[in-house]
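Coordinates in review
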Amino acid sequence: MPSPASDPAYPVGLRLTGRRVVVLGGGQVAQRRLPALIAAGADVQLISPSATPSVEAMADTGEITWHRRRYEDGDLADAWYVLVATQNRDANTRASAEAETRRVWCVRSDDADAATAWTPATGHSAGVTVAVLTTDAQGRDPRHTAAIRDAVVEGLRDGTLVARHHRARAASVALVGGGPGDPDLITVRGRRLLAEADVVIADRLGPRDLLAELPPHVEVIDAAKIPYGRFMAQEAINQALIDHARAGRTVVRLKGGDPFVFGRGMEEAEALVEAGIPYTVVPGISSSISVPGAAGIPVTHRGVAHEFTVVSGHVAPDDERSLVDWAALAALRGTLVVLMGVDKIGRIAQTLIAHGRAADTPVALVQEGTTAAQRRVDATLATVAQTVVREGVRPPAVIVIGEVVRVGPDAPVAPGTTDGPRTG
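Procedures and definitions
Within each chain, residues carry numbers counting from 1 in the order of the written sequence. Residue-level local features of this predicted model are given only where pLDDT is at least 70; pairs of side-chain atoms are given and counted only at 80 or more, and the full residue set underlies all totals for whole chains, interfaces and linings. With hydrogens and water stripped out, all remaining heavy atoms of the structure feed into the side-chain values. Helix and strand labels come from DSSP, where a helix needs a run of H or I of at least four residues and a strand needs a run of E of at least two; each type is numbered from the N terminus. Categorising residues by exposure relies on relative accessible area from a 1.4 Å probe, with only protein chains included: less than 20% of the type maximum marks a residue as buried, more than 50% marks it as exposed, and the intermediate range marks it as partly exposed. By definition, residues are in contact when any of their heavy atoms lie within 4.5 Å. Only Phe, Tyr and Trp rings are paired, with Trp represented by its six-membered ring, and only when their centres lie within 6.5 Å; those with planes under 30 degrees apart are stacked, over 60 edge-to-face, the remainder tilted. The criterion for a charge sitting over a ring is simple: Lys NZ or Arg CZ within 6 Å of the ring centre, and within 35 degrees of the ring normal. Pairing between strands requires that DSSP locate at least two bridges from one strand to the other. Axes here refer to lines fitted to C-alpha atoms; in helices the fit is confined to the stretch in contact. Angles between the N-to-C directions go from 0 to 180 degrees. Identification of polar contacts relies on pairs of N or O atoms within 3.5 Å, with a donor-acceptor requirement for protein atoms, meaning one able to donate a hydrogen and the other able to accept it, and with residues adjacent in sequence counted only if both atoms are side-chain atoms. By convention a nonpolar core is built from buried Ala, Val, Leu, Ile, Met, Phe, Trp, Tyr and Cys residues, the set being connected through side-chain atoms within 4.5 Å. When the strands point away from the viewer, a crossover counts as right-handed if the route from the first strand across the helix to the second turns clockwise. Comment on the angle field: the value is read as roughly parallel under 35 degrees, roughly antiparallel over 145, roughly perpendicular from 65 to 115, and oblique elsewhere. Should the near helix be turned anticlockwise from the far one by less than a right angle, the crossing is termed left-handed; should it be turned clockwise, right-handed.

1. Section: the overall build of the protein chain
- Each helix and strand in the protein chain was counted, giving 11 helices and 17 strands.
- Of all 424 residues assigned to the protein chain, the portion counted as buried reaches 44%.
- Long-range contacts, defined as pairs at least 24 residues apart, comprise 63% of the intrachain contacts of the protein chain with a sequence gap of at least 6.

Listed below in structure tokens is the structure:
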């Protein structure tokens, strides 16, 4: 006989690879449970006269074997595990009795107290499986159980719940894109790696608020590159990555935006490869799209712009080092997003106008995008140079040029207007 419902369940992980698992019923319960059984490598035998489209697709691709009929006595022979999830209570009861006779662990979706096994609320993060069961069968609330599961998994994913690895680790570096500035906009993987780091080499444009959350033992190295100001040479950054990794530390290179969008992430990756140090790249949300979006500007919009181009403005159009074809950009009809171009925007605007872009083309400058200090300043190509000086616009700021600036509820009534600080 099954244990009394008041007794706590004994948690265990089943290794089902190649073992026969029988699922009765092809409805929503089966649709939710089958992917995990398939991922576990089970030999899944589905017995049901019908199935949802998703379950049918699993059978069509050979992930499960579908017997298109109702349950019959004897179907549980040689099974290791059974999931009973039909809408026929009599069939569920008979299948449960057969499972008891054959000593097969049986989950029942219609009557947990009559089952010999319960399915925990599960989640996964970085090779860890979290399974949550409540101990009081009479008071089991699946929503509460799922909420606990979600809280634990989220903590593991975003790095707020971290267990240090107490084993020897090979030298490694993670090049992490921190996003546009708001600490909530770093990726889940990026935040988890940051929480596991021994050393963090951080850019000025990375999400600075996250550094305050690091444990005291974490060494933070300032790799800021301030325009026309103090900076850490790229060669020194590369060497710091190599030296700390070789010392057996877990190193995170925290960069603003995405590591490979006008960053020098590939130079760092090449230096690591040359030094024989493995690395991983965690893409980040680029400010070229996210900052305009936070300011209410879509870089594309139906009937307005079918393309957008992102360029670096760190060198002027007449600078021999520039690799940008400004004449070609002036001929485009879509959106132009300029990064690192605040101090060069006057010459950029003059060049675009000289090559045919209308002088009244709207321009928006979004300073400190997605942070509490965000502000948007609007102008036109003809007025943007004076507007930047008058409004005191400073880096970092993303510049958007094109008709999309006039789209949406945040569009200015007249050029040359500005809004105050706000969150993204």
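Now, onward.
2. Here's the deal with the packing of aromatic side chains
- Scanning the entire structure with this criterion turns up 0 aromatic pairs.
- The positively charged end of Arg-19 is found above the aromatic ring belonging to Trp-80, 4.6 Å away from the centroid.

3. Here we look at the environment of Gly-13
- Along the chain, the position of Gly-13 falls in the segment before strand S1 (20-24).
- When the C-alpha atoms of Gly-13 and Thr-129 are compared, they prove to be 9.9 Å apart, with 116 residues separating the residues in sequence.

4. A short note on the sheet that holds strand S5 (residues 105-108)
- One open sheet holds the 5 strands; their spatial order is S3-S2-S1-S4-S5, and the pairing between them is parallel. Two strands close off the open sheet at either side, each with one partner strand: strand S3 (65-67) and S5. Averaged over all adjacent pairs, the angle separating strand axes in this sheet is 20°, with direction ignored.
- In the sheet, strand S4 (residues 81-84) pairs with S5 via 4 bridges, with the strands oriented parallel. Paired with Val-82 across the two strands is Cys-106, which belongs to S5.
- In the packing of helix H1 (residues 28-39) onto the sheet, the strands contacted are S1, strand S2 (43-47) and S4, and the crossing angle to S1 comes to about 170°.

5. A look at the side chain of Arg-375
- Examined against the element boundaries, Arg-375 turns out to sit in strand S16 (residues 375-380).
- Within the structure, the side chain of Arg-375 is placed 2.6 Å from the backbone oxygen of Glu-391, a separation counted as a polar contact.

6. What to know about helix H10 (residues 345-354)
- Listing the buried residues of H10 in full gives Ile-345, Gly-346, Ile-348, Ala-349, Thr-351 and Leu-352.
- Buried residues in H10 make contact with helix H9 (326-331), strand S14 (335-339), helix H11 (384-391) and strand S17 (397-401).

7. Remarks on the pairing of strand S8 (residues 172-177)
- Burial within S8 is extensive, with 5 of its 6 residues counted as buried.
- Of the pairings in the sheet, the one linking S8 to strand S12 (residues 279-282) comprises 4 bridges and is parallel in character. Following the sheet pairing, Leu-175 is matched in S12 by Val-281.

8. Details of the nonpolar core
- With 22 residues, the main nonpolar core has Leu-336, Leu-352, Val-384 and Ile-401 as its most contacted residues.
- Counting only elements with at least two residues in this core, the list comes to H9, S14, H10, strand S15 (362-367), S16, H11 and S17.
- Looking at which element gives the most residues to this core, the answer is H10, with 4 residues.
- Excluding residues within four positions of it along the chain, Leu-336 makes contact with Thr-309, Val-311, Trp-326, Leu-329, Leu-352, Ile-399, Val-400 and Ile-401.
- Counting 20 residues, the second largest nonpolar core, distinct from the first, contains Leu-16, Val-55, Tyr-81 and Leu-83.

9. Focus: the pairing of S4
- Neither face of S4 is exposed, since Tyr-81 and Leu-83 on one face and Val-82 and Val-84 on the opposite face are all buried.
- With 4 bridges connecting them, S1 and S4 associate as parallel partners. Considered in S4, the bridge of Val-22 is made with Val-82.
- For the handedness criterion, the β-α-β arrangement of S4, helix H3 (residues 89-102) and S5 is classed as right-handed.

10. A few points about the packing of helix H6 (residues 234-246) against helix H7 (residues 265-275)
- Remark: H6 packs on H7, axes separated minimally by 10 Å, with the N-to-C direction vectors making an angle of 45°. By the criterion of interaxial angle, the relationship of H6 to H7 is oblique. With respect to the hand of their crossing, H6 and H7 are arranged in right-handed fashion. Between H6 and H7, the contacting residues are Gln-234, Ile-237, Asn-238, Leu-241, Ile-242 and Arg-246 on the first element and Glu-267, Glu-268, Ala-271, Leu-272 and Ala-275 on the second.

11. Some details on the sheet that holds S8
- Read across the sheet, 5 strands follow the order S10-S9-S11-S8-S12 without closing on themselves; strand pairing throughout is parallel. The open sheet is flanked by strand S10 (219-222) and S12, the only strands paired with a single partner. Across this sheet, the average inter-strand angle for adjacent strands is 20°, counted without regard to direction.
- Along the sheet, helix H5 (residues 188-195) makes contact with S8, strand S9 (199-202), strand S11 (250-255) and S12, crossing S12 at roughly 135°.

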